[in-house]
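The residues making up each chain are set out below.
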Amino acid sequence: SAVISQKPSRDICQRGTSLTIQCQVDSQVTMMFWYRQQPGQSLTLIATANQGSEATYESGFVIDKFPISRPNLTFSTLTVSNMSPEDSSIYLCSVAAAQETQYFGPGTRLLVL
Amino acid sequence: AQSVSQHNHHVILSEAASLELGCNYSYGGTVNLFWYVQYPGQHLQLLLKYFSGDPLVKGIKGFEAEFIKSKFSFNLRKPSVQWSDTAEYFCAVNTAGANNLFFGTGTRLTVIP
């Protein structure tokens, strides 16, 4: 399985600010995804990060709030924009070869005050 | 839309007890099924997966799961748990050919030495 790293591992932010989370994988992968895990809840897919084109967002998530970049096959960023306390969550990236098992990064724990 | 149900929110067992965690999903087509585990302070790891073939799959650390198509279930089992199995366990499903993983709400397992 791929080795996935995320930066930062945690952060405390003020409301109204934005945070960009980075996801790096040690090998080229076809698929990269971003998930959110809110306190006491399960993981919810935010979007699929597509290389060279706009991300594919799930219902309830929009590009203005969660802009995503994927400049190459090993790197992606997720920005949480104009944050509010409701954005306090763990944000995880995952990677997969096409239609195969997803492997998850260590997550970024975000607290918005 | 897909949904995944894990009915046990918190299970407490003594060491050497047998474990069965329930997972049911709602989708009538072909599915891929997964169990992930998150040990305290660690990131999500794949425990086992079912794509096709023998419905009884074996994973790491002595875990196994059985896919029963008629019951839309994929229950996780272990004959004798250890203290080190204390973790949160997530069942996940995606439809064959798709990438979106749908997660259950997780079951927290506490094993008492």
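The structure this text deals with has already been given above.
What counts and what doesn't
Residues numbered from 1 in each chain as written. Chains lettered and ligands numbered in written order. Predicted model: local features only at pLDDT ≥ 70, side-chain atom pairs only at ≥ 80, totals over all residues. Heavy atoms only, no water. Pairing = 2+ DSSP bridges. Helix = DSSP H or I, 4+ residues; strand = E, 2+ residues; numbered from the N terminus. Axes fitted to C-alpha atoms, helices over the stretch in contact; angles between N-to-C directions. Core = buried A, V, L, I, M, F, W, Y, C linked by side-chain atoms within 4.5 Å. Buried < 20%, exposed > 50% of the residue type's maximum accessible area, 1.4 Å probe, protein only. Patch = residues over 30% accessible without salt bridge, like charges linked within 9 Å, V, L, I, M, F, W, Y side chains within 5 Å. Areas by Shrake-Rupley, 256 points an atom, 1.4 Å probe, with all protein chains shown as cover. Salt bridge = Lys/Arg side-chain N within 4 Å of Asp/Glu carboxyl O.

## Describing the sheet that holds strand β8 (residues 75-80) of chain A
Residues and elements named next belong to chain A. Here four strands make up an open sheet; going across it, the order is β1-β3-β8-β7 and the pairing antiparallel. The two strands at the open ends of the sheet, each matched to only one other strand, are β1 (4-7) and β7 (68-72). Averaged over all pairs of adjacent strands, the angle between strand axes in this sheet comes to 15°, irrespective of strand direction. Here β7 runs beside β8; their pairing, made up of three bridges, is antiparallel. Within the sheet, the bridge partner assigned to Ser69 lies in β8 and is Thr77.

## Side note on the nonpolar core
In this structure, Leu33, Trp35, Leu47, Leu48, Phe74, Leu76 and Tyr89 of chain B are the most contacted members of the largest nonpolar core, which totals 28 residues. Those elements that place two or more of their residues in this core are β2 (10-14), β3 (19-21), β5 (31-38), β6 (45-50), β8 (64-68), β9 (73-78), β10 (87-95) and β12 (107-112) of chain B. Of all hydrophobic cores here, the second largest spans 25 residues; its members include Val29, Met32, Tyr57 and Val112 of chain A.

## Examining a nonpolar patch on the surface
Nonpolar side chains collect at one region of the surface, where Ile12, Leu111 and Leu113 of chain A lie side by side and expose about 280 Å² of accessible area between them. On the secondary structure map, Leu113 of chain A appears in the segment after β11 (108-112).

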